[in-house]
Amino acid sequence: MAVRATMVRFPSNPDTQESLGLPWGVTVTPFASKDENGNSPVYGSGGELIPRCENCWGYYNTYCDQDQWAWTCSLCGTLNGLSSETITRYSSSESSPEIMSSYIDLELPVEGSEEEDMQARPVYVAAIDLASSEEFLELTKSALLAALEALAPGSLFGLATFSHKLGLYDVQGPIPVVKNVFLPADSDGTVSIELEDAMPLFSFLAPVETCKDRIVSAIETLRPTSSWEGTGGGQGMDRILLGGRGFGLAMETLISYLGSEHYNTYALARIFAFLSGPPDYGPGQLDTRRYGEQYASKGEDAELALLPEQTPFYKELAAVAVQAGVCIDVLAVTNEYTDLASLKFLSIDSGGSLFLYTNTDDSTLPQDMYRMLSRPYAFNCVMRLRTSTEFKTGNSYGHFFPDPQYENVQHIICCDSYATYAYDFDFENTYGFSRHTAELPMLQLAFQYTVLVPPEEKQTPGSNLTSRSKYTIQRRLRIRTMQFGVAHNFNELYDSVDQEVVLSILVHKVILASLSEGVREGRMLLHDWLVILAAQYNDTYKNAPNEFGSSTGMLIDVTFSQCPQLQALPRLVFALLRNPLLRFHHEGIHPDYRIYLQCLFSGLEPSSLHRAIYPLLSSYATPDKLAYPRHSLSRAALMTSECPIFFLDAFTTLIVFYSSTADPTLPYPPPHDCLLRTTINKVKQERSMTPRLMFIRGGEEDQSVFDSYLIEEQDVDGSGFPNVTGFVSFLRRLIRVL
């Protein structure tokens, strides 16, 4: 569990917080195996035995004062009695984890029907769009084959297809059999037959270890609906319906199908929805005509109108999926407008992922499927952040489902080790953290989650065969209690800033502003924030000397030269303003791509988000010798470094660029055993998704992709044309505003 704060030292009172100009909050990566300093939790059992405060329900921790019979809550100061069982437990020679460490991970007893044979088996269902092309299906087949390699023995797998009908595959017999259920065309229709009647769930969900070959055979039979033409002369209703993509009703029906067996057949089910275009048939169909020139005649602001969802259907369906314990990953492979603004709720509310691939040629979908299914994940998670009494949580951000009854409780259906959430804080009072007390601000994050523990392989005596028992469910409680210092002046606050966490909170706020008020409002919010921060900083440091001067002759520092912890922020804001997330529609930013970036950025941990917003550019003298670890993103940096090889890491894209003046004897592309390749492999291994790797030789190959990342010489206002004043001009405009 990694927890990072925007400031290690908190503001002392509301007035300081208000005039500070910096967001106050934390980012949390709850299922990370280590904390932000690389430390692991203390593991143990007896999570249900930890004492809890009678007032705030906080958990006992190492910061609590304890005597023989009672303990004082470190969060709210309430005196709580200790039960005789707890006194005996804490007086034993073996210390309990909560006494040893403020970062613990304890096992909880599992309630319910854990003895059921199938109950703990992980369930995966692939739902494949057949109203698609041959290229889409070939890519999807490759992705499914990769997924099957990643699934552990003991998993259950179901294969479904959708178009104007929903197909269910039974692969447990000698020949795969598909049962089709027709989907009605009207927008409020329902299927005429229950899926359980068409095919019992135990026939649909096949054990991977015994049916893998037959699953592969069934996958190979998939064909797009366009190839069905010609049968029966192409006449009648079936020909009319061939183009239908009944995604909405197909997902609704599958969720209901699986949900009937929640906690009987499975504890968690994941649906991988492979989509090649917008749903255009039956319930949940989307009107894609809203993307086009009609806004000019209607007088609507395209920057605003293209962002909100056009129907509540998928948000409401996501709530049903949460109740059914179903996580949905939407994998869209399309370059046409699909209205991801409406579809995104299926994934982000259910704890899944939203992937967008604009073409099939260089798609990393198979690699992403394998990576996603190979890493551990928790499910049925509940997260709660508590604070000491002087302050409280304000907004919470991330891909979770808020509890309808309890405030500040988030439900996360599926959570891997990369998933990150954020909170910001407000004061509960007018005086803040008192100078007259030794008590410091406290945070306590409780994360209750479930994991599937794979069965152990057992060797059968006298044979070479191994047998596996069933998966077991383990419920755990992870608790992290943290204490923070209080800054007594602005200098202390600025010196304790974590700029990557500041960027994370800013991105969340800007995304919310864009969704509610439009992209232009999001850009204004970001720009105004930097102006306020620069004004407060200059007031604090009394206009420290700098190379930029105002028209009145008074020197104004907009590069934060006196505070290293703030110096990267102008570049990060400039880069965010140039990012497709906040660029205007008329610049050619596809609305679906913007939504994809919103979903991606709002789930990244701070270091990864930093890389996605402001890529890392390094240079190499040779493939085996690093020259400079970091350059600014400008052509001037390339020209002055005189290095032949550059490596750009933009999170989703990795580029190795050989300059046009590079020695032709340098090996191109770099050999597999060199330092540069080792660095690339390490980056790819640590990433939550598979970055696309490109090699470009300057002067001989198109280098426009590489040049597009050299943003510091581009105009922040949206012209996109290179010039010599991009970032410098941005700073000068800040001075004029100040």
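So, how was this worked out
Within each chain, residues carry numbers counting from 1 in the order of the written sequence. Where totals are concerned, whole chains, interfaces and linings use all residues; where local detail is concerned, this predicted model gives features only for residues with pLDDT of at least 70, and gives and counts side-chain atom pairs only at 80 or more. By convention in this description, side-chain values take in all heavy atoms of the structure and omit both hydrogens and water. UniProt positions are given in the numbering used here, feature names are shortened, and annotations may be inferred rather than shown by experiment. Under the scheme used here, helices are H or I runs from DSSP no shorter than 4 residues and strands are E runs no shorter than 2 residues, and both carry numbers assigned from the N terminus. Any two residues having at least one pair of non-hydrogen atoms within 4.5 Å are treated as being in contact. Computed with a 1.4 Å probe, the accessible areas rest on the Shrake-Rupley method; for each residue, only the protein chains presented here act as cover. With a 1.4 Å probe rolled over the protein chains alone, any residue whose accessible area is under 20% of its type maximum counts as buried; one over 50% counts as exposed, and the rest are partly exposed. Paired strands are those between which DSSP finds at least two bridges. The crossover handedness rule: strands pointing away from the viewer, path from first strand over the helix to second strand clockwise, crossover right-handed. Simply put, an axis is a line fit to the C-alpha atoms, just over the touching stretch for a helix, and the angle between two N-to-C directions goes from 0 to 180 degrees. The scheme is simple: roughly parallel for angles under 35 degrees, roughly antiparallel for over 145, roughly perpendicular for 65 to 115, oblique for anything else. In this count, Pro and Cys sit with the nonpolar residues alongside Ala, Val, Leu, Ile, Met, Phe, Trp and Tyr, while Asp, Glu, Lys and Arg are called charged and the others, Gly among them, polar. Geometry of aromatic contacts follows a simple scheme: Phe, Tyr and Trp rings, the Trp one being its six-membered ring, pair when their centres are within 6.5 Å, and the pair is stacked under 30 degrees between planes, edge-to-face over 60, tilted otherwise. A ring has a charge above it when a Lys NZ or an Arg CZ is no more than 6 Å from the ring centre and no more than 35 degrees off the ring normal.

Under the annotation held in an unreviewed UniProt entry, the protein chain carries the name Sec23/Sec24 trunk domain-containing protein and is attributed to Mikania micrantha. Per UniProt, the protein chain carries the Sequence similarities (unreviewed entry) text "Belongs to the SEC23/SEC24 family. SEC24 subfamily."

Q: Looking at this model, I keep getting lost on the overall build of the protein chain. Mind explaining?
A: Counting secondary structure elements, the protein chain contains 24 helices and 31 strands. By sequence separation, contacts in the protein chain at least 24 residues apart represent 75% of the contacts at least 6 residues apart. Entry remark: accessible area of the protein chain is about 31400 Å², with carbon and sulfur atoms responsible for 50%.

Q: I'm lost on the environment of Phe157 in this one. Help?
A: Among the secondary structure elements, Phe157 is positioned in strand β10 (residues 156-162). Overall, the relative accessible area of 3% leaves Phe157 in the buried class. With 14 residues separating them in the primary sequence, Phe157 and Val171 have C-alpha atoms 9.7 Å apart. Apart from residues no more than four positions distant in its own chain, Phe157 is found in contact with Tyr124, Ala126, Leu144, Leu148, Leu151, Phe204, Leu205, Ala206, Val208 and Ile215.

Q: Would you mind going over the pairing of strand β9 (residues 123-129) with me for this structure?
A: Side chains on a regular strand alternate between the two faces of the sheet. A large share of β9 lies buried, amounting to seven of its seven residues. Of the two faces of β9, the one holding Val123, Val125, Ala127 and Asp129 and the one holding Tyr124, Ala126 and Ile128 are both buried throughout. Strand direction decides the pairing type here: β9 and β10, joined by seven bridges, are parallel. Residue pairing across strands places Asp129 opposite Phe162, the latter belonging to β10. For the crossover from β9 across helix α4 (residues 134-150) to β10, the handedness is right-handed.

Q: Is there a simple way to think about unusual backbone geometry in this case?
A: The phi angle of most residues is negative, glycine excepted, and most peptide bonds adopt the trans form. Cis rather than trans, the peptide bond between Tyr668 and Pro669 has omega equal to -10°. One can find Pro669 in the loop between β30 (653-658) and α22 (675-686). Its identity as a non-glycine residue notwithstanding, Asn408 has a phi of 65°, on the positive side. With respect to the helices and strands, the residue Asn408 is situated in the loop between β19 (401-402) and β20 (409-416).

Q: Would you mind going over the packing of helix α17 (residues 519-540) against helix α18 (residues 569-578) with me for this structure?
A: Think of two packed helices as two axes; the pair is described by the angle between the axes and how far apart they sit. Interhelical geometry of α17 versus α18 gives an angle of 170° and a closest axis separation of 10 Å. Relative to α18, the element α17 lies roughly antiparallel. Contact residues: Arg523, Leu526, Trp529, Leu530 and Leu533 in α17; Leu569, Pro570, Val573, Leu576 and Leu577 in α18. Tallied by class, the residues present in the contact of α17 with α18 amount to nine nonpolar, no polar and one charged.

Q: Would you take a moment to explain the packing of aromatic side chains for this structure?
A: Two aromatic rings, taken as a pair, are described by how far apart their centres are and by the angle between their planes. Taken as a whole, this structure holds 31 aromatic pairs when the rule is applied. Plain terms: the ring middles of Trp24 and Phe425 are 5.6 Å apart, the flat faces sit at 75° to each other, and that makes the pair edge-to-face. Taken together, the positions of Trp24 in the loop between α1 (14-20) and β3 (25-29) and Phe425 in strand β21 (residues 421-427) put the pair 401 residues apart, joining distant regions of the chain. This pair shows no difference in class: Trp24 is buried, exactly as Phe425 is. Every member of this aromatic cluster is reached through a ring pair, and the members are Phe10, Trp24, Phe391, Phe425, Phe427, Phe433 and Phe484. Here the guanidinium or amino end of Arg270 rests over the ring plane of Tyr377, the centre of that ring lying 5.2 Å away. A cation over a ring is seen here: Arg480 above Tyr103, with NZ or CZ 5.3 Å from the ring centre.

Q: Quick question: what am I supposed to make of the sheet that holds β21 here?
A: Within a sheet, neighbouring strands are paired by backbone hydrogen bonds and run either parallel or antiparallel to one another. Taken together, four strands build an open sheet; the order of strands is β1-β3-β21-β18 and the sheet is antiparallel. The open sheet terminates on both sides in strands that have one partner only, identified here as β1 (2-5) and β18 (391-397). Taking the axes of each pair of neighbouring strands and ignoring which way they run, one obtains an average angle of 25° across the sheet. Taken together, the four bridges between β3 and β21 define a ladder with antiparallel strand orientation. Bridge pairing in β21 places Thr27 opposite Ala422.

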